[in-house]
Amino acid sequence: MGLMATFEAMEEDRALVLKKLIDAVNEISAISGFKCVVKKQCRDLSRRVKLLMPLFEEFVEMKDDISQEVFEALVLMVEALESAKEFLGISCRGSKIFLVLQPEQMKSKFQELTAHFEQALSGISYYQLNIPNEIKEQVELIHAQFERAKKIINAPYLEQYEEISSIYNQSYDLDTEPDILSMLCKKLEFTNIEDLKEESLALHEMIPDGSGDLKGNIEKMLILLKKIEYFVRTENQKTSIYSFENFSAMTSDRVCTNLSPKLPVAPDDFRCPISLELMRDPVIICTGQTYERTCIRRWLEAGHATCPKTQQNLHSTILTPNYALSSLITHWCESNGLNPPKRCANSCTKLSSSMGVEIGTLLSKLTSGNIEDQRAAAGEVRLLAKNNRNNRLLIAEAGAIPFLVDLCYILDGPTQEHAVTALLNLSLCEDNKRSIIFSGAVPAILCALKHGTLEARENAAATIFSLSVSSEYKLIIGKLGAIPGLVTLLREGTQRGKKDAADALFKLCVLRENKGRAIRADMVPLLTALLTEPSGEMVDEALALMSLLASHPDGKTAIGDVEALPIFVKIIESGLSNNKENAASLLVRLCEGDCQLLLEARELGVMIPLLDLAENGSDRGKRKAAQLLELIGNITEQHEIAQAQASTEVNNNSS
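Across the sheet, which stays open at both edges, the three strands sit in the order β2-β1-β3 with antiparallel pairing between neighbours. Looking along the sheet, the strands with just one partner apiece sit at the ends: β2 (290-292) and β3 (320-321). Each of β1 (282-284), β2 and β3 touches helix α14 (residues 293-301); the most contacted strand, β2, lies at about 95° to it.

What follows is the structure in C-alpha cells.
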C-alpha cells in the first residue's frame, strides 16, 4: 500500500507539472541578495518569473483538458524555471570577480534563459485559454518583455569588466595604482575584510573540477583578490589575523610586508586557504595540503574532485588530522596572548559503539589487501552505520566510502555483501548521498546487484532506492544501467527482493528517460505476469509501475501489446479495494483518447463493477470510476449514433 500511496500524490502528470511550476516560482521568489555585478539582470528575471504565478494558479483551477502542445510547453516552462533557479542561485552566492571576468558566458546564459521562457510562453497559447483577461494581458506583457530582451541583451557589467580586466592581466605586478583599486572596491562593494573572506569562499566554490585550462586564470584571480585585500586593510588602518593564502609561489616573495599590524598576523600555514581563518581542526588531504576540516568537507560534498590549492585530481577523499600543525597553532596562540581555537565537537575520530572503535583502525583494515581483514572491517562499518547517525557522518568524513566502493567489486560473497550494505546504511544520512554518488559508487553497487549473493542484490536495490532522491541522481543511476538489473531482480528475487526492486524502479521511473529504459528492458510483460500471480502479493506494486509507464507513449503501446485489458477488468471486478481503485485509475490513463479500448472494456463487462465502485468505493475510487463511466458513456453514444446513421444510409440506398 505504501508504494501506491506515494503514487496517488503524483498520479496525474499534469498535476505534477503544475506543482513543479508553482514550487519553482516560490523558490525563485525566495532568492535575494544578488551580487551587485548582476543585480539588475537578475532582479528583472526574478520579477518576470513571479508575475507568471497567477497563470499557473489558473491552470491548477482549470477543469478543461489541455492539449498535448500546451502540456509540452508547461514541461518546457518547468525546465526554464529550474535553469533560472540554478542561475539566480549562482548570482546570489557566486564570486563577483569570477562573474565579472566571464562576460560572454553570462551574456550567453541570459540569452539562453530568455529564449527558453519566450519559447515556453509561445507554446502555452495563453490567449486561447479560458482565464481572466487581466491575467492574459499580464502574461502577454511578460511575453513581450522576454521577446524584446532576447534581441537586445548585452553582456552585463562591461564597464567593470574592462576595469578589472586591466588589473587582472597585469596581476603579477603588485604596483597597481591605489585609485584603480579604490574604484574597483567601490564598484564591487568590497569595504572590509569580511567582504573579502566571503568573496574568497565564493571564488573557491566556483572553481570547476578538471579545469586545467583555467588553472592560470584562477591563480590570477586569487592574486588579484590578495591585492584588494591588502589595499582594503591599509585603507581601513586596521589589521586582521586573517590574510590570504599564497596560492602561487610566484607571489610569496613579492608581497608587500611594510604594513605595521596592531595585532599579531597568523603565519600563512596556520590559516585555511579556503576560509582564510585560523584553523581549528586542520586535516591533510591526499595532495599533502592542509585545510580546515569543515571547509574541505564542504568542498568535497559540493562534488569537486580536485585540490582547491593545487588543482590536482584527488585519488582519495580521506581527511587525516594534522595533529602536529594543530599543536603549533595552539602554541603560537598562547605565545601571542590569544585563546587557542577550539576544535568542533563532531571532529572526534572515535565511533559510538560498545568498544569505542577508531576510524583510522577501520580504514587501515579496509585497505590492507588482506581479504579477511577487509571483510571484518566492512562488516564492522556496516553495523556501526546501521542505527547511529553520528557514526554515519564520521565514517563518511573519514573517507571510508571509496574503500567500500572498491570492495563492492570483490567477488567474495560476504565481503561484497558487507560493503554494499554499509553503503546502504551510510546513504540513510542525507549529507552522505552526494558523496556516495560522486565517489563512483553506482557502478560498484550495480556490480553487486548483478553478481552478488541474493542478500547483496537485495541491499543493492535498496541502496539505489535510498540514493534516488533527486532528478539529477535518478538520471545518473538510470544512465549507468541500473534498470535492467532491477528488472531482473523483480523477476527472479525473493519476495523481499522483488519489493526492493519495485520500490527502486518506481523512484527511477518518475523520470521520462527512465520510463523508456524500463520499457526497453521488457518490464511491461513482467508486470503483467506479476498481476496474475496466485499469491497476489505484488499486485499493488505492479499496478503502480504500470501506471507510471502508461504515461509514456511507448508504455501505452507495450501495455496494448500484452493484451492486459482483461486482467485490469478482472481486478476491478474482484480485486482488493485499493487494487480496484488503482486498476480503474490505470484504465482512465490508458483509455483516454482510445475509442477501441473503451469499447473493448465495455464488452468485457467493466460497467457493473465500475458502477459498484462509483457507489461504494473511497472518494478517489468513486472519482476514477465516474471518469471511466463517463468516457465509456460518451463513446457508446457516439458509436450508437454512428450505427444509426449507417443503418439509415443502408435503408435509403435499398429504397
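A separate point is the nonpolar core. With 101 residues, the main nonpolar core has L366, I464 and F568 as its most contacted residues. The dominant element in this core, judged by the number of residues it contributes, is helix α29 (residues 539-550), at nine residues. Filtering out sequence-adjacent residues up to four positions away, I464 remains in contact with I445, L446, L449, I477, A482, L486, A504 and L508. Of all hydrophobic cores here, the second largest spans 45 residues; its members include A73, M77, L113 and I124.

With 15 residues, helix α20 (residues 413-427) should cover 21 Å at 1.5 Å per step; its first-to-last C-alpha distance of 21 Å lies within 8% of that length. Within α20, 12 of the 15 residues are buried, which leaves the element mostly enclosed by the surrounding structure. All of the buried residues along α20 are T415, Q416, E417, A419, V420, T421, A422, L423, L424, N425, L426 and S427.

A few words now on unusual backbone geometry. The residue D522 is not glycine, and still its phi comes out positive at about 60°. You can call D522 partly exposed: its relative accessible area is 48%. Unlike most non-glycine residues, E563 shows phi in positive territory, near 50°. Mapping E563 onto the fold places it in the loop between α30 (553-561) and α31 (565-574). For E563, a relative accessible area of 63% gives the class exposed.

This part is about the environment of Q289. Structurally, the position occupied by Q289 is in the loop between β1 and β2. Through-space distance from the C-alpha of Q289 to that of T310 is 8.5 Å; in sequence the pair is 21 residues apart. What Q289 contacts, discounting residues up to four positions off in sequence, is V283, I284, C307, K309 and T310. Reaching out from Q289, the side chain makes a polar contact with the side chain of K309 at a distance of 3.5 Å.

To continue, consider helix α17 (residues 371-384). Between its terminal C-alpha atoms α17 stretches 20 Å, which fits the 20 Å expected from 14 residues at 1.5 Å a residue. Considered for burial, the residues of α17 that qualify are Q374, A377, A378, G379, V381, R382 and L384. Here the buried face of α17 lies against α16 (359-366), α18 (389-397), α19 (400-407), α20 and α23 (454-467). For α17, the side-chain oxygen to backbone nitrogen distance between the N-cap and E372 is 2.9 Å, and the N-cap itself is N370.

Further remarks concern the confidence of the model for the protein. Taken as a whole, the protein shows an average pLDDT of 79; of its residues, 81% reach a score of 70 or greater. Below pLDDT 50 for its whole length, residues 209-213 participates in seven contacts with residues either more than four positions away or in separate chains. Within the model, pLDDT remains below 50 along residues 237-262, and this stretch shows 67 contacts once partners closer than five positions in the same chain are excluded.

Cut-offs and rules
Residues numbered from 1 in each chain as written. Predicted model: local features only at pLDDT ≥ 70, side-chain atom pairs only at ≥ 80, totals over all residues. Heavy atoms only, no water. Pairing = 2+ DSSP bridges. Helix = DSSP H or I, 4+ residues; strand = E, 2+ residues; numbered from the N terminus. Contact = heavy atoms within 4.5 Å. Axes fitted to C-alpha atoms, helices over the stretch in contact; angles between N-to-C directions. Core = buried A, V, L, I, M, F, W, Y, C linked by side-chain atoms within 4.5 Å. Buried < 20%, exposed > 50% of the residue type's maximum accessible area, 1.4 Å probe, protein only. Expected span 1.5 Å × (residues − 1). Polar contact = N/O pair within 3.5 Å; in protein donor to acceptor, adjacent residues only side chain to side chain. pLDDT = per-residue confidence, 0-100.

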